Amino acid sequence: MKKNATFITINPTLAKWVYEQVQNAPTDLNYELENLQHSFKDLINGNINNLILEISDNTSPLFVDEKLTFGELTIYPKNRKVLRNNII
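What you are looking at is a predicted structure, and each value in this text was computed from that prediction instead of being measured. Along each chain, the written sequence defines residue order, and numbers are assigned to residues from 1. The predicted nature of this model means local features are confined to residues of pLDDT at least 70 and side-chain atom pairs, given and counted, to a pLDDT of 80 or more, with totals for whole chains, interfaces and linings taken over all residues. Hydrogen atoms and water are omitted, and side-chain values are computed over all heavy atoms in the structure.

Visitor: Can you walk me through the overall build of the protein in this structure?
Guide: By the criteria applied, helices consist of DSSP H or I runs no shorter than four residues and strands consist of E runs no shorter than two, each listed in order from the N terminus. Within the protein, the regular secondary structure consists of two helices and three strands. Tracing the protein from N to C terminus, the helices and strands come up as α-α-β-β-β. Sorting the 88 residues of the protein into buried and exposed places 17% on the buried side. Counting only contacts in the protein whose residues sit at least 6 apart along the sequence, the fraction spanning at least 24 positions is 26%. A 1.4 Å probe and the Shrake-Rupley method give the accessible areas. Residues count as covered only by the protein chains that appear here. Of the roughly 7400 Å² of accessible surface on the protein, 51% is carried by carbon and sulfur atoms. Each residue's exposure class comes from its accessible area (1.4 Å probe, protein chains only) as a fraction of the maximum for that residue type: buried when under 20%, exposed when over 50%, partly exposed otherwise. Pairs of residues are marked as contacts when any of their non-hydrogen atoms sit within 4.5 Å.

This is the structure we're talking about:
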């Protein structure tokens, strides 16, 4: 079975570096770039704890499994439900 998702943990220094790189990216990427900038800023500031990225021109479904488990996090894509330590 093909691996459809990977969960990685990054430290705040790396998150800041990625954010700075995105800030310096070409402006012709407009909406997607602005979304990525805001999302990384929220991640750095602690407004969000996780960020899930997806390639937008992907025509096949991202998730084929009933559930995805990443450490303490369990995602049920079809039900739009996320549990942490089996708690909603």
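The discussion continues.
Visitor: I would appreciate a short explanation of the sheet that holds strand E2 (residues 73-76) in the present structure.
Guide: Two modes of strand pairing occur in sheets, parallel and antiparallel, and in both the strands are linked by backbone hydrogen bonds. The sheet built from three strands is open, its strands ordered E1-E2-E3 with antiparallel pairing. At either end of the open sheet lies a strand with only one pairing partner, and these are strand E1 (68-70) and strand E3 (81-84). Taking the axes of each pair of neighbouring strands and ignoring which way they run, one obtains an average angle of 15° across the sheet. Paired strands, in this sense, are two strands between which DSSP finds at least two bridges. Relative to E3, E2 is paired through four bridges, and the arrangement is antiparallel. Residue pairing for E3: Thr74 is matched across the bridge by Leu83. Fitting a line to C-alpha atoms yields each axis, with helices limited to the stretch in contact; the angle taken between N-to-C directions then spans 0 to 180 degrees.

The analysis is restricted to geometry; functional conclusions fall outside its scope.
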